[in-house]
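Chain and residue survey
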Amino acid sequence: MNEAEFHIHAPSDGVLALDAAVLIYRGASGGALATLHDVHHVDGEAVIGAGQPMTPRKAIELSRALLKRVAHGGFLPANVLYMDGDLILWWEPPARRHVTFRVADSHADLFGGRERGESVPHPGLIFAASTRVWRVWAVKGRERPTPQTALYQAPYFNVDGQGQICQGNVPRPEGTTIDKIQTWNDAFFRSYFTHPNVPAKLVKHRGGAYAFWRELLDGRFERFPERVLVPAKSTLGALLGMKEKP
């Protein structure tokens, strides 16, 4: 490596100088060890010095430095629940929001036509987004979710049993920084909801999901009836692999 390669240019951080190297060793049993090495510049060349085992503290410091490249610093809004790399989870409290349905001809009579949109009450929702993930779950109540909060199937068309969102007619947003949350919300709520994506019940309602959403569109409920939510048989903490307190 020559002198010019000791530095790289990053759009968000300016010039970054080569400072250290991390070597990872793996064993046949699946175990791993990481060592941290200083990098010395000798006669225009980069030389990796002797290493020391990477301590948990050093690993955390390195992780924090790397996270700055995928998330903005500063105050976190109250609705942000979890951030890890480019993964972000946020909560939307129960509220009225506009939704639009565009259904098949065979179900048009249930909605008074193939396409219909209204402002209706929605449950509390937890969204997750990253470069590989776009999911949503429902939660009950108006309290900010905790690791112990039970998750429910999001009662929407275009969402499968694991919470995965079908992209539909709206382009998937780019970036998962805090300032992009509203863009992700808009992409979800401004898409056309076309058909249920779960093999079992989307909601616990006589007549099924089509009848339930027709009643919401007709203004039957002032608040979202949480009794119709189908348990996801998981909690937020279990979803994230956290150790939950009893």
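Residues numbered from 1 in each chain as written. Predicted model: local features only at pLDDT ≥ 70, side-chain atom pairs only at ≥ 80, totals over all residues. Heavy atoms only, no water.

1. Quick look at the nonpolar core
The criterion, for reference: We call a set of buried Ala, Val, Leu, Ile, Met, Phe, Trp, Tyr and Cys residues a nonpolar core when their side-chain atoms join them within 4.5 Å. Summary of the burial criterion: residues with accessible area below 20% of their type's maximum are buried, those above 50% are exposed, and those between are partly exposed, where the area comes from a 1.4 Å probe applied to protein chains only. Strands are runs of DSSP state E lasting at least two residues, helices are runs of H or I lasting at least four, and both sets are numbered from the N terminus onward. Contacts are residue-level and defined by heavy atoms, with any inter-residue pair within 4.5 Å sufficient.
Counting 41 residues, the largest nonpolar core has Phe 101, Tyr 156, Phe 157, Phe 188 and Trp 213 as its most contacted members. If you tally residues by element for this core, the top one is helix α4 (residues 208-217), at six residues. Other than its neighbours up to four places away in sequence, Phe 188 contacts Phe 127, Trp 134, Val 136, Tyr 156, Val 159, Ile 165 and Phe 193. Grouped together as the second largest cluster of nonpolar side chains are nine residues, Leu 81, Leu 89, Trp 91 and Val 139 included.

2. As for unusual backbone geometry
Even without being glycine, Asn 158 reaches a positive phi, approximately 70°. Among the structural elements, Asn 158 can be located in the loop between β12 (150-153) and α3 (181-189). Its relative accessible area of 4% is what places Asn 158 among the buried residues. Positive phi is not limited to glycine here, since Lys 233 has a value of about 55°. Inspection of the secondary structure puts Lys 233 in strand β14 (residues 231-235). A relative accessible area of 81% places Lys 233 in the exposed class.

3. Things to note about α4
Where burial is concerned, most of α4 is hidden: eight out of the ten residues are buried. What α4 keeps buried is the set Ala 209, Tyr 210, Ala 211, Phe 212, Trp 213, Glu 215, Leu 216 and Leu 217. Structurally, α4 contributes buried residues whose contacts are with β8 (95-102), α2 (108-111) and β9 (115-122). One or two residues past the end of α4 sits Gly 219, with phi positive at roughly 80°.

4. As for the sheet that holds strand β4 (residues 32-42)
Stated precisely, the cut-off is as follows: Pairing between two strands requires that DSSP report at least two bridges joining them. An axis is simply a line fitted to the C-alpha atoms; with a helix, the fit covers only the stretch in contact. Between two such axes, the angle follows the N-to-C directions and lies from 0 to 180 degrees.
Strand order across the open sheet formed by three strands is β3-β4-β5, with antiparallel pairing between neighbours. Two strands bound the open sheet, and with one partner strand each, they are β3 (20-26) and β5 (45-53). If you compare each strand with its neighbour and ignore which way they point, the axes differ by 30° on average. Of the strand pairs in this sheet, β3 and β4 are connected by seven bridges, and their pairing is antiparallel. Bridging from a neighbouring strand, Arg 26 pairs with Ala 32 of β4.

5. Considering the layout of surface pockets
Basically, it comes down to this: Method remark: on a 1 Å grid restricted to protein atoms, a set of points is classed as a cavity if a 1.4 Å probe fits but cannot get out and as a pocket if it is open with protein on both sides within 12 Å along at least five of seven lines; lining residues have an atom within 4 Å of a point. Grid points are joined across faces, edges and corners, and a volume is the space filled by probe spheres set on the points.
Volume-wise, the second largest pocket comes out at about 220 Å³. In this structure, the second largest pocket is lined by Pro 94, Ala 95, Arg 96, Pro 121, His 122, Pro 123, Gly 141, Arg 142, Glu 222, Arg 223, Phe 224 and Glu 226. Elements that contribute at least two residues to the lining of the second largest pocket include exactly β8 and β9.

6. Concerning the side chain of Glu 215
Spelled out, the test is: Any pair of nitrogen or oxygen atoms within 3.5 Å is treated as a polar contact; in protein, a donor-acceptor pairing is required on top of that, and neighbouring residues in sequence qualify only through side-chain atoms on both sides.
Inspection of the secondary structure assignment puts Glu 215 in helix α4. A distance of 2.7 Å separates a polar atom in the side chain of Glu 215 from a polar atom in the side chain of Arg 220. For Glu 215, the residues in contact, after removing those within four places along its chain, are His 205, Arg 220 and Phe 221.

7. Remarks on the sheet that holds β12
Taken together, six strands build an open sheet; the order of strands is β6-β7-β10-β11-β12-β14 and the sheet is antiparallel. Single-partner strands in this sheet number two, and they are β6 (80-84) and β14. Taking the axes of each pair of neighbouring strands and ignoring which way they run, one obtains an average angle of 30° across the sheet. Summarising the sheet, strand β10 (residues 124-129) and strand β11 (residues 134-139) pair through six bridges and their orientation is antiparallel. Each residue of the ladder has a partner; that of Leu 125, found in β11, is Ala 138. Along the sheet, α3 makes contact with β6, β7 (87-92), β10 and β11, crossing β7 at roughly 70°.

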